Amino acid sequence: MKLTTVLLTTALTSVTFAAHAADVTVLSWGGSYAKSQEEAYHKPFTAATGIKINSVDAGNPATPIKAQVEAGNVSIDVADVEFSDAVRLCDEGLLEEIDLSILPDAPDGTPPEEDFIEGALQDCAVANIVFSTVMSYNTETNATAPDSIDDFFNTTDFPGKRGLRKTAKANLEMALMADGVPASEVYSILETDEGVDRAFAKLDSIKDDIVWWEAGAQPPQLLADGEVVMSTAYNGRIFNAAVGEGQPLEIVWDGQILDFDLFVIPKGAPNKEDAMKFVAFATDTQRLADQASWIAYGPARKSSGPLVGLYSDGKTEMAPHMPTADANLSNALVNDFEFWVDKDAELNERFNAWLAS
């Protein structure tokens, strides 16, 4: 996987994306994930409506929304963002509300409110995938295969560099699980000052061995190039690198953190009406199932599950590679979006101070 994907920086405040008046600009995460959306959503939408999708990539699509809305210079019509960002941006009045009546029923007539999995429908957002942050390793650079989140922090038995996303989210949770905290207790521990100190102390134990990443395309490349022996990563990116590109990468599901990605429409989107049409189209039963044939993320609709079949190679069964497969859930943590809506600024300030220390 090449790192030539166009990544927008956090200075997207003044950027405008060139788009024809009839285009819908969709901001997403780039790489194999954007490819899955282009194949499952964008191309069929254009074929059905004649509306062209202008696909743009960013390290974190939530980043430019606040600046663009406050500046009154919105160039994004739809953005694909994480759960806590969707809720925060909605609470701040930066997103358009989405009328759920625009969403299609399941093929058997089940209304969307019953068909989407719990939490997938929000006032200003509609989920498309369930993904997870996982631990991954290169089978050719690890003499012994790691099999737990504890091993990620064990540089004595598993020497070598570690890749971590440059943010507090997920790192603090994984640090606590590696320090012996059961998944069910992680957020109650992180609510306390002592728990936060404990998580940072665990991160301290590997700080000198960390290589930081910011875009989802980076961890598979870092692992494939041997720059790190283990890395946290998005499960679908590792799947595509391993199965789609033949890289010697494996996922350790222990300690995975499950989360949603959701479509949002920034307040004042220049093509709001067509953006709403896109969100409704892209989150129907068939489209969500189709995306799962391109990348190993679980669809947010229940009715899509039975339609998930083979990977685009025509031979790999996708179901076992989904983060929601029973075999992958034995020590999984579901991201507490309310915790991160409340604590994101505070904990990232602490995280940035820790990085600089």
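Residues numbered from 1 in each chain as written. Predicted model: local features only at pLDDT ≥ 70, side-chain atom pairs only at ≥ 80, totals over all residues. Heavy atoms only, no water.

Residues and numbers for the layout of surface pockets, please.
Of the volumes computed, that of the second largest pocket is approximately 240 Å³. Around the second largest pocket, the lining residues are Phe83, Ile117, Glu118, Val130, Leu258, Asp259, Phe260, Thr324, Val334, Asn335, Asp336 and Phe337. Counting residues per element, the lining of the second largest pocket draws most heavily on strand E9 (residues 249-264), at three residues. Its residues assigned to classes, the lining of the second largest pocket comprises seven nonpolar, two polar and three charged. (1 Å grid on protein atoms, 1.4 Å probe; cavity = no way out; pocket = protein on both sides within 12 Å on 5 of 7 lines; lining within 4 Å. Points joined across faces, edges and corners; volume = space filled by probe spheres on them. Helix = DSSP H or I, 4+ residues; strand = E, 2+ residues; numbered from the N terminus. Nonpolar A, V, L, I, M, F, W, Y, C, P; charged D, E, K, R; others polar.)

Provide a residue-level description of the pattern of salt bridges, including the pertinent values.
Per the stated rule, a full pass over the model turns up 16 salt bridges. Glu70 is the salt-bridge partner of Lys66, the closest N and O atoms lying 2.9 Å from each other. In this pair, Lys66 and Glu70 are both assigned in helix H2 (residues 63-71), four residues apart and thus about one turn of the helix distant. For Glu70, a relative accessible area of 55% translates into the label exposed. The salt bridge partner of Arg287 is Asp284, with a shortest N-O separation of 2.8 Å. As far as burial versus exposure is concerned, Arg287 and Asp284 are alike and both buried. Several salt bridges share partner residues, and in doing so they unite Glu82, Arg165, Lys169 and Asp259 into one network. (Salt bridge = Lys/Arg side-chain N within 4 Å of Asp/Glu carboxyl O. Buried < 20%, exposed > 50% of the residue type's maximum accessible area, 1.4 Å probe, protein only.)

Please provide a residue-by-residue account of the packing of helix H3 (residues 83-91) against helix H13 (residues 337-356), values included.
Helices that pack against each other are described as a pair by the angle of their axes relative to one another and the distance between those axes. Where H3 meets H13, the axes come as close as 8 Å, and the angle between the chain directions of the two elements is 60°. Classified by the interaxial angle, the pair formed by H3 and H13 is oblique. Seen from above, H3 lies across H13 with right-handed handedness. In this structure, H3 uses Phe83, Ser84, Val87, Arg88 and Asp91 to contact H13, whose residues at the interface are Phe337, Trp340 and Val341. Across the contact of H3 with H13, the residue classes break down as five nonpolar, one polar and two charged. (Axes fitted to C-alpha atoms, helices over the stretch in contact; angles between N-to-C directions. Parallel < 35°, antiparallel > 145°, perpendicular 65-115°, else oblique. Left-handed = near helix turned anticlockwise from the far one by under 90°. Contact = heavy atoms within 4.5 Å.)

Tell me what's going on with the packing of aromatic side chains, and back it up with residues and numbers.
Overall, the coordinates contain 19 aromatic pairs when judged by the stated rule. Measuring from centroid to centroid gives 5.4 Å for Trp213 and Tyr234, while their planes differ by 90°, and the two rings are edge-to-face. Taken as a pair, Trp213 in strand E7 (residues 210-213) and Tyr234 in strand E8 (residues 230-234) lie far apart in primary sequence, 21 residues in all. Here Trp213 matches Tyr234 in class, with each residue buried. (Phe/Tyr/Trp six-rings, centres within 6.5 Å; stacked < 30°, edge-to-face > 60°.)

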